[in-house]
Every structure is written in C-alpha cells, then in structure tokens.
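Notes for the structure review
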Amino acid sequence: MEDVILTSIPIEKIQIGMRVSYSQTITDADIKAYAGLSGDHNPVHVNQEYAEESRYGRRLAHGLMSVGFFSALFGMRLPGPGCVYVSQNIQFKRPVYIDDTVTATAEVTDVCLKKKRVFFSTNCYVKNKIVISGDAEIYIP
C-alpha cells in the first residue's frame, strides 16, 4: 500500500467563497467514545432513561463532538495539514441526536496574507437545518 501524502493549499491560492464540507452519522459508540475522551458523562448524553425524562426525550450527542468536525475540514481539506486553529466561536441552535447525520461546512470569508490568517464561516447541519453556527480563524505557518 502506498503512503498517502496530503498537501496544504497555499494561502495565496485561497479565495473568499471557497467552501468544504464533511458529513458523519453520530452513533452510540461515538457518544460513548467522546464521553470517555472528554470526561463528560452527563446523563443526557449517556443514560437513556435519564435522557427520556429530559426536555429532549432522548440522548443528545455532545455539542463539541460536532464542532470537532470543523477541525477535520481545516486540518485535512482547507487549508489542509499544517494549519493551526487560532479561534472558533460557536452557537448551538438545535440538538443533535444518535443517528443524526451532521454535515459540517466551512466557507472562506477573508484572507490576510500579511498575518497568514484565513477566516471562515462555520456551520453544522442536520436535515438541512443549522444546528451549530460560528466563525473560525486559522493560521497557516
């Protein structure tokens, strides 16, 4: 098997309006793994009986799990390997549940060549509805 070599997009080639997306269906195993990784064992995420009695009626995925998909976009697609997160603001609009397919999108809103920064509008969707929105700033060394 050949090694896969990933390359970054040079900042000079990044243009306002460029857009990338990543989709993943949230599973029970994902939620359990994220709870173990993060230490967040909130019963609304990991306990079916508790979650059924909550205002949501069923278990929720951790919000930051979906936010983490932005990292996949930046680190693997645009700008690609080697970039570094500077900031991310987020607003949680709707819950994400087990078996929801989350589509994370990032769209370039500005490029600063002097500071080697790229700015993005970031959104996560489930069934074409925004569940998370925000903005990100990425540094390209």
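Provided above is the structure to which this section pertains.
Let us look at the structure shown here. (Residues numbered from 1 in each chain as written. Predicted model: local features only at pLDDT ≥ 70, side-chain atom pairs only at ≥ 80, totals over all residues. Heavy atoms only, no water.)

What to know about the overall build of the protein chain
In terms of regular secondary structure, the protein chain is built from 4 helices and 5 strands. Along the protein chain, helices (α) and strands (β) appear in the sequence β-α-α-α-α-β-β-β-β when read from the amino end. Along the first, second and third principal axes, the C-alpha atoms of the protein chain reach 55 × 40 × 25 Å. Considering the protein chain as a whole, with its 141 residues, one finds that 33% of them fall into the buried category. Long-range pairs, those at least 24 residues apart, make up 65% of the contacts in the protein chain with a sequence separation of at least 6. Carbon and sulfur atoms form 51% of the exposed surface of the protein chain, whose accessible area is close to 8400 Å². (Helix = DSSP H or I, 4+ residues; strand = E, 2+ residues; numbered from the N terminus. Buried < 20%, exposed > 50% of the residue type's maximum accessible area, 1.4 Å probe, protein only. Contact = heavy atoms within 4.5 Å. Areas by Shrake-Rupley, 256 points an atom, 1.4 Å probe, with all protein chains shown as cover.)

What about the sheet that holds strand E5 (residues 129–139)?
Read across the sheet, 5 strands follow the order E1-E3-E4-E5-E2 without closing on themselves; strand pairing throughout is antiparallel. If you trace the sheet from one side to the other, it starts and ends with strand E1 (19–25) and strand E2 (84–92), each paired once. On average, each strand axis in the sheet is inclined to that of its neighbour by 20 degrees, with strand direction left out of account. On top of the sheet, helix H4 (residues 63–76) reaches E1, E2, strand E3 (101–112), strand E4 (117–126) and E5; it is set at about 145 degrees to E2, its chief contact. (Pairing = 2+ DSSP bridges. Axes fitted to C-alpha atoms, helices over the stretch in contact; angles between N-to-C directions.)

What to know about the packing of aromatic side chains
What the rule picks out here adds up to 3 aromatic pairs. Ring geometry for Phe74 versus Tyr85: centroids 5.4 Å apart, planes at 90 degrees, classification edge-to-face. On the criterion of sequence distance, the pair formed by Phe74 in helix H4 and Tyr85 in strand E2 is long-range, its members being 11 residues apart. Of the residues examined, Phe74 reaches a relative accessible area of 2% and is grouped as buried. (Phe/Tyr/Trp six-rings, centres within 6.5 Å; stacked < 30°, edge-to-face > 60°.)

Some thoughts on the side chain of His45
In this structure, His45 sits in helix H2 (residues 43–46). Here His45 falls in the buried class, since its relative accessible area comes to 8%. A polar side-chain atom of His45 sits 2.8 Å from the main-chain carbonyl oxygen of Leu60. Discounting chain neighbours no more than four positions away, the residues touching His45 are Ile31, Asp40, Arg59, Leu60, Ala61 and His62. (Polar contact = N/O pair within 3.5 Å; in protein donor to acceptor, adjacent residues only side chain to side chain.)

Here we look at the pattern of salt bridges
This model, assessed by the stated rule, comprises 4 salt bridges. The partner of Lys32 in a salt bridge is Asp28, and the shortest N-O contact between them spans 2.9 Å. Linking Lys32 with Asp28, this pair stays in helix H1 (residues 28–38), spanning 4 residues, or about one helical turn. Given the relative accessible area of 26%, Asp28 is considered partly exposed. (Salt bridge = Lys/Arg side-chain N within 4 Å of Asp/Glu carboxyl O.)

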